[in-house]
Amino acid sequence: MLLRLRRAAVVLVGAALAATALVPSASAAPATPVVFPAKPKGLTAPVTQPGDLDATPRYSPQVTCNPVMLPGVSKFRDLALATYRQGYDGGITRSCVTGGSSEHKEGRAWDWMLNVNDTGQRNAAANFLGWLTAANGAQARRLGVMYVIYNRKMWRAYDTGRGWTAYSGASPHTDHIHLSFTWAGARGGTSFWTGRASDTDYGPCAVFEGQLAPLSRAANPEPCASPVPSVKRSNRATVLYGATDSRPVRRAQRRLGVDVSGSFDSTTWTAVKRYQRAHDLPVTGVLDQPTWASLAPRSVTWSVTGARSPRQAARYANRHFSQVPLRRGSAGAAVAFLQTALELPVADRNGLLARRTAAAVREFKVANGFGPNALVSPAVWQAIAAAS
C-alpha cells in the first residue's frame, strides 16, 4: 500500500512539473515553483479577434539604432500593468551604446518588473505567461511577441516546439520578464490591436554590409535582400546615438553645424539624419561608414577603382555595368559609378540610388530623349558613356 502511494505521488509530481513553466533554481529563487494556472486571466483585446492567427513570428534581431517607443509595445505595457496591477515598468528603450544587441535599442522590447521572490508578482507572471504561451503560443502570435525571458528560462514564439529552455545570459531575469516583439507586434499591427490577422513584417533592411539598417516607420512585407559591400571605407570609427565625451562626435558636430558637446544627443541625432537625407545616404541616424565617408572625404578609401573622374566612371560603367538596370533603392558599385559619371557632388557618391541621384538621372534622361523616370537601362548607360 505504501509503495502504491509513493507511485501515485510520483505521478502527481510529474503532472505538476508538466504544468510548471519556470521552476526556479535552488540557489536564487523561492522553493515554490512558478506554475501556470489552469485558467489564466490573460489580457482582454480591445477589438474582436478574428478566427485566423497572425503569421508565425520569425526571429528578427536588432538591425537599427532607434531607441523610440513603438506603439504596440507601449500599448501592451499599459494594458498589462492595468490588468495585473503587479510589478512596474522597467523600460522599453535603451541607449544604443549600452550592452550588446537588443531590441530595446529600437523600441521593440519591454521589461516588466516582476520578482520571483515576491508571491504576488510571481503569481502574476505565471498567470500571464500561461495565457501567452498556451495553445502553441496563440496569444503570442496575436500580440506579436517574439520571445520571452524570465527566471533563467526562455520561450520562443518562433520555435514553440522547444518549450521553455535554460537561459544563461548575463542577467538571470529573476526580477523581471523580458518581452521582445516582432516588427508587426511592435508597430501595433497585429490582430490583438486591429482585429485582422497580420502577415509578416520583415522590418528595416540594411543597405551596406556591416552597417545598421535605415530607419523606417512603414511595414515591410518583403524579405530583405542581402546587403552589398560599401564602395567607400572611412578610417573613422562608427559612433552610435548615446555616446558621450567623444572626439569623433565633436568632429562630426562641427561639420554638422550643431553645438560641439562631444555627446551624441538628440540634437546631433536629428542633424545626422537630416544630413543623411540630404546626401542620398541610408538614414540610419548613426555616424556609420557611409556617413563618415561623406562628412570627411579625406578619411576615405574606395573599394573599387575606375570611378575617379566622370569620364572614367562613365566608360568603365558602360563596359562592366551596362546590363545592370538600376532604379531607386539600388545600391552598390554600379550606383557609385553612375553618381560619378553624372557628376554628383563627391559627398553624394556613396553607392545608393536615392532622391538626389534619382533627380540627376531624370534630368539626364529628359535632356537625352528618354522618359522622365529614374530607371537606368542599358540604353541609358550607353547614352551616359557617349555623353562623357
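Cut-offs and rules
- Residues numbered from 1 in each chain as written.
- Predicted model: local features only at pLDDT ≥ 70, side-chain atom pairs only at ≥ 80, totals over all residues.
- Heavy atoms only, no water.
- pLDDT = per-residue confidence, 0-100.
- Contact = heavy atoms within 4.5 Å.
- Buried < 20%, exposed > 50% of the residue type's maximum accessible area, 1.4 Å probe, protein only.
- Helix = DSSP H or I, 4+ residues; strand = E, 2+ residues; numbered from the N terminus.
- Pairing = 2+ DSSP bridges.
- Axes fitted to C-alpha atoms, helices over the stretch in contact; angles between N-to-C directions.
- Salt bridge = Lys/Arg side-chain N within 4 Å of Asp/Glu carboxyl O.
- Core = buried A, V, L, I, M, F, W, Y, C linked by side-chain atoms within 4.5 Å.
- Polar contact = N/O pair within 3.5 Å; in protein donor to acceptor, adjacent residues only side chain to side chain.
- Disulfide = S-S within 2.5 Å.

Draft legend 1. Here's a closer look at the confidence of the model for the protein. Per-residue confidence for the protein gives a mean pLDDT of 88; residues scoring 70 or more make up 90%. In the predicted structure, residues 1-21 sits below a pLDDT of 50 and forms ten contacts with residues beyond four places in sequence or in another chain. Within the model, pLDDT remains below 50 along residues 23-32, and this stretch shows 19 contacts once partners closer than five positions in the same chain are excluded.

Draft legend 2. Fine view of the pairing of strand β5 (residues 145-150). Burial runs high along β5: six of the six residues are buried. Relative to strand β8 (residues 177-181), β5 runs antiparallel, the two being bridged by four bridges. Bridge assignment links Val148 to a residue of β8, and that residue is Leu179. Here four bridges tie β5 to strand β6 (residues 153-156), and the two strands are oriented antiparallel to one another. Note that in β6 the partner of Val148 across the bridge is Trp155.

Draft legend 3. A look at the sheet that holds β8. Here we have six strands laid out as an open sheet, ordered β3-β4-β8-β5-β6-β7, and antiparallel in their pairing. Each edge of the sheet is formed by a strand with only one pairing partner; in this case those strands are β3 (88-89) and β7 (165-166). With four bridges connecting them, strand β4 (residues 109-113) and β8 associate as antiparallel partners. Following the sheet pairing, Trp110 is matched in β8 by Leu179. With respect to the sheet, helix α2 (residues 71-84) is in contact with β3, β4 and β8, its orientation differing from that of β4 by roughly 15 degrees. The sheet contacts of helix α3 (residues 119-143) involve β4, β5, β6 and β8, and relative to β5 the element is tilted by about 155 degrees.

Draft legend 4. The pattern of salt bridges, seen in detail. Evaluation of the coordinates by the stated rule reveals seven salt bridges. Across the pair Arg187 and Asp201 runs a salt bridge whose closest N-O atoms are separated by 2.6 Å. Of this pair, Arg187 sits in the loop between α4 (183-186) and α5 (191-194) while Asp201 sits in the loop between α5 and β9 (232-234), and the two are 14 residues apart along the sequence. For the residue pair Arg187 and Asp201, the accessibility class agrees, reading buried in each case. Salt bridges here are not isolated pairs; linked through shared partners, they connect Arg77, Asp78 and Asp89.

Draft legend 5. Just the nonpolar core, in detail. Counting 32 residues, the largest nonpolar core has Phe76, Phe128, Leu132, Val148, Ile177 and Leu179 as its most contacted members. The biggest single contributor to this core is α3, with eight residues. Those residues in contact with Leu132 that sit more than four places away from it in its chain are Gly137, Ala138, Gln139, Ala140, Leu143, Val145, Val148 and Leu179. Within the second largest apolar cluster, 23 residues are counted, among which are Ala314, Leu326, Leu342 and Ile384.

Draft legend 6. Region of interest: the environment of Arg187. We classify Arg187 as buried; its relative accessible area is 17%. Counting along the chain gives 14 residues from Arg187 to Asp201, while the straight-line C-alpha distance between them is 9.5 Å. Residues within four places of Arg187 in sequence aside, it is in contact with Pro71, Gly72, Asp201, Gly203, Pro204, Ser216, Arg217, Ala218 and Ala219. A distance of 3.3 Å separates a polar atom in the side chain of Arg187 from the backbone oxygen of Ala218.

Draft legend 7. Examining the environment of Arg217 more closely. In this structure, Arg217 sits in the loop between α5 and β9. Given a relative accessible area of 83%, Arg217 falls into the exposed group.

Draft legend 8. Fine view of the state of the cysteines. As enumerated under the stated definition, the model contains two disulfides in all. There is a disulfide in this structure between Cys65 and Cys96, and the S-S distance comes to 2.1 Å. On the S-S bond that ties Cys65 to Cys96, the torsion sits near 105 degrees, and the link is right-handed. Of this pair, Cys65 sits in the loop between β2 (34-35) and α2 while Cys96 sits in the loop between β3 and β4, and the two are 31 residues apart along the sequence. Since its relative accessible area comes to 0%, Cys65 is described here as buried. Two residues, Cys205 and Cys224, share a disulfide whose sulfurs are 2.0 Å apart. Between Cys205 and Cys224, the S-S dihedral sits near -75 degrees, and the bridge is therefore left-handed. Of this pair, Cys205 sits in the loop between α5 and β9 while Cys224 sits in the loop between α5 and β9, placing them 19 residues apart in sequence.

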